[in-house]
Amino acid sequence: MSHDGVGLRAVMRSVAFLTAGALAVPTLSACSSEDESGKPLAAQDIAPVARDLIADGGTLRWAVDDVPETLNAFQSDADDATTRVAQAVLPAMFRLDAQGRPQRDADYLESAKVVDTSPKQVVLYKLDQQAVWSDGREIGAADFAAQWRALSGKDSAYWTARNAGYDRIEKIERGANDLEVKVTFSRPYADWKSLFSPLYPKDVMGTPDAFNDGARRKLKVTAGAFALQKVDRKDKEIVLARNPHWWGRPAKLSQLVLAAVPLDKRAAALADGTVDLAAVDPADASRIALAGRARGTGTPLQGASASATSDTESKDENKGESPKEKKLSKKQRKALAKYLRQQDELRAFTVRRSFEPAYTQLALNGSEGPLADERVRRAVARALDRKALAKVVLTPLGLPAVPVGSHLALSGQAAYADNSGALGDHDTVEAQALLADAGWVPGGPVKDKGEKAAGAEGKKGKKADDEAASEGGSDGQYIVGEDNKDSQDHTKKHGHGDEGSKHLADGKQYDGRKVKQGGAPGAYAPKGTAAPAGTRTGTLAKDGKPLTLRFVLPSGTGSESLSAVADSISRMLEKVGIRTEITKVSDDSYFKDHIASGQYDLALYSWPASAFPATDARPIFAKPVPAADGSLNVEQNYTRVGTDQVDQLFDQAVSTLDEDESAALVRKADARIWAAAGSIPLYQRPQLTAARRTVVNAGSFGFQTPVYEDMGFLKKGAKVSASPSSGS
């Protein structure tokens, strides 16, 4: 995932992984942001050292998913690799710190502040006097103005992905001198720090042709610690070279190469020296950790030399084989030898662990079927033990299993607060009461299996059937809870733990004891509604249809953890009488044919957490509106659940220049999003990065924008320090 505001918006545009009725939610008080926002759940893990301990020179090879289609971060097909290039070679007025907060980049900006609010908001940027483009021209107002005009949305000839923020600018002009840029807004804009990061030269932004095509495959003019040397599509790599004209601290590396390596090929690429740094999945992380533990042990299956098992070994050497090894075929021997050689090489690597600035959620499609009833959505949410679900993914990785408490920010970010109390804690009895109130009861008459069931089971159509079949029979589709099978609590072993204090929709705290009915608006069945007798129930039915929800999952590389979470969710829902039909589809089809088109009831995907939620999160939670052609315009709200109140709070937050007040409005919006139960945040995504042990100031960055000029290789004899330092 990306680490700065623009990168997060690019991910939001291309996510392929990621309330009805007026709820009387009391007003939130503006509590201290420091009290509520907390700290990141895990520190970044980058082997920080002072610059004087880093060797001068060297080439660091960093794995990316693919060579980007465009180098213009403001186009719809920009990706994570686009962002990395932009961060390394282009100016940014603000970059994110370790807590995901925007901080002025002193290499480009001496100061930036709001100097007037009446009659219009005016921001004055004072640029560093040494800041110049690689062609020698000073960075100045002309570049700001060109980018504003390109991204304002007023000229449709520019193929821009979105214009948020730039559409609020009225004019840009030179200040008292060439180093000052004066930006006047037509409407107040709280997230003004998100603008001009990155900043492209006017040569790229000046005309539609230059914008649309000029920066897709090359960047002639740059202004960063690195310069773009070449984009090699044949060898699938991008080469960045140290910028000799850079006025800041010089890059320690001579070159930074972004090499395209698919996720399932990265362990092999690390072992053969193709890359030095790569995001990896949990399976490869475990493999690398295993190799590391075997350093110096000489244990053959834990990374020792594979020479004893090569296909050229002698008969004498074979005498020492175990009975199992003697039964291996020639092909299996070669595979084992290759594996052991790779394990030997992987000893030189370590896995650096933190959290991505993104979270995984359970999405509930509220457009039709049982989940169109908010009581059913809330029942699904109340049936989930989110802490147990977080443990499924995070505990094996050694990361804290803490459920995410906000849709709009993550722990440590300014707008974060745990607002899950607006919906309520895990409570199967309350979930059953909500379902009963919605008319779903156990033991009701159920139509023959040949007839349509409630939910997506009856609407999936031939295409979904074909996809399920193509995934390999029962692996493609299976039903949890059918025929009232064993409904024992499969999650009991995970435990519930102490979730600490929560925040209700009104901002008040409670101490973990059950909230009385009526305490959290809309989260409980009407007072007096009885849950079905007992804590276990068969599948529920209504109007002759069983309560069955279609749960759609991706089936590609790295989806194992989602499958494990989905299985746990299905067992939790089975306990309250909800049957799930799990269908696995190809990664290419998952987002386009299912999530974006609304062909699902339940789904797991992730959203990045932006430093500017009032701007970036609005399209994700905006209330869908009918389009002129009669279709529903959902923007990025793929759950199809939204309210006017949430939209209004976003509008207020983005127009409020007081940062604390704006953050409080974002928290109010989040409380209402929780109450609507269109999506349930589960856990922050783990960030696992394999790094050569000598690579420093690089790894799992967490929220922070990487400092590219400080990346490098440790000097011989030097040791990694306990904390980062700004050395020479």
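What you see is a predicted model; the values in this text were computed from it and never measured.

Visitor: Quick question: what am I supposed to make of the sheet that holds strand β6 (residues 169–174) here?
Guide: Hydrogen bonds between backbone groups are what pair the strands of a sheet, and the pairing can be parallel or antiparallel. Judged by pairing direction, the sheet is antiparallel, and its four strands sit side by side in the order β4-β5-β7-β6 without closing on themselves. In this open sheet, the two edge strands, each paired with only one partner strand, are β4 (109–116) and β6. Within this sheet the neighbouring strands show an average axis-to-axis angle of 15°, counted without direction. Note: strand β5 (residues 122–127) against strand β7 (residues 180–185), five bridges, orientation antiparallel. The residue of β7 that forms the bridge with V123 is V183.

Visitor: For this particular structure, what's the right way to read the side chain of Q343?
Guide: Relative to the assigned elements, Q343 resides in helix α11 (residues 330–346). A relative accessible area of 0% places Q343 in the buried class. Polar contacts involving the side chain of Q343 include one to the side chain of R287, which spans 2.6 Å.

Visitor: Sorry, what's going on with the environment of F144 here?
Guide: Inspection of the secondary structure assignment puts F144 in helix α4 (residues 141–151). Here the alpha-carbon distance between F144 and R174, two residues 30 residues apart in the chain, equals 9.9 Å. Excluding residues within four positions of it along the chain, F144 makes contact with M93, Y125, L127, I172, V181, F196 and L199.

Visitor: For this particular structure, what's the right way to read the sheet that holds strand β18 (residues 545–546)?
Guide: Read from one edge to the other, the open sheet built from three strands follows the order β13-β17-β18, with strand pairing classed as antiparallel. Here the strands that pair on one side only, and so sit at the sheet edges, are β13 (441–442) and β18. Alignment of β13 against strand β17 (residues 540–542), held across two bridges, turns out to be antiparallel. In the sheet register, P442 faces β17, and the bridge partner there is L540.

Visitor: Can you walk me through the nonpolar core in this structure?
Guide: Within soluble globular proteins, side chains that are nonpolar tend to cluster in buried spots. Counting residues in hydrophobic clusters, the biggest one holds 106 residues, and the most contacted among them are M93, Y125, F196 and F226. Examining the composition of this core, we find that seven residues originate from one element, α4, more than from any other. Not counting chain neighbours up to four residues away, the residues in contact with F226 comprise A88, V89, L240, A241, R242, N243, A251, L253, Q255, L256, Y708 and E709. Listed in part, the 66 residues of the second largest apolar core include V393, A401, A422 and L540.

Visitor: Explain the confidence of the model for the chain to me, please; I cannot follow it from the model alone.
Guide: Close inspection of predicted coordinates is inappropriate in any region flagged by low pLDDT. Averaged over all residues, the pLDDT of the chain equals 83, while 77% of them reach at least 70. Overall, residues 298–317 carries pLDDT values under 50, and its contacts beyond four positions in sequence, including any with other chains, amount to 32 contacts. Counting contacts from residues 532–536, a segment whose pLDDT is below 50, to residues more than four positions away or on other chains yields 10 contacts.

Visitor: It is not clear to me how the packing of aromatic side chains should be interpreted in this structure. Could you clarify?
Guide: Think of a pair of aromatic rings as described by two things: how far the centres are apart, and how the planes are tilted against each other in angle. The full count for this structure, using the stated rule, is 18 aromatic pairs. Geometrically, the ring pair formed by Y166 and F196 is edge-to-face, given 5.4 Å between the ring centres and 90° between the ring planes. Residue Y166 is located in the loop between α4 and β6, and its partner F196 is located in the loop between β7 and α5 (202–205); the two are separated by 30 residues in the primary sequence. Under the relative-accessibility criterion, Y166 is labelled buried at 4%. An aromatic cluster of at least three residues, connected via ring pairs, comprises F74, F94, Y125, F144, Y166, W192, F196 and Y200. Lying across the ring of W62, R84 places its NZ or CZ 4.0 Å from the centre.

The rules behind these values
- Residues numbered from 1 in each chain as written.
- Predicted model: local features only at pLDDT ≥ 70, side-chain atom pairs only at ≥ 80, totals over all residues.
- Heavy atoms only, no water.
- Pairing = 2+ DSSP bridges.
- Helix = DSSP H or I, 4+ residues; strand = E, 2+ residues; numbered from the N terminus.
- Axes fitted to C-alpha atoms, helices over the stretch in contact; angles between N-to-C directions.
- Buried < 20%, exposed > 50% of the residue type's maximum accessible area, 1.4 Å probe, protein only.
- Polar contact = N/O pair within 3.5 Å; in protein donor to acceptor, adjacent residues only side chain to side chain.
- Contact = heavy atoms within 4.5 Å.
- Core = buried A, V, L, I, M, F, W, Y, C linked by side-chain atoms within 4.5 Å.
- pLDDT = per-residue confidence, 0-100.
- Phe/Tyr/Trp six-rings, centres within 6.5 Å; stacked < 30°, edge-to-face > 60°.
- Lys NZ or Arg CZ within 6 Å of the ring centre and 35° of its normal.

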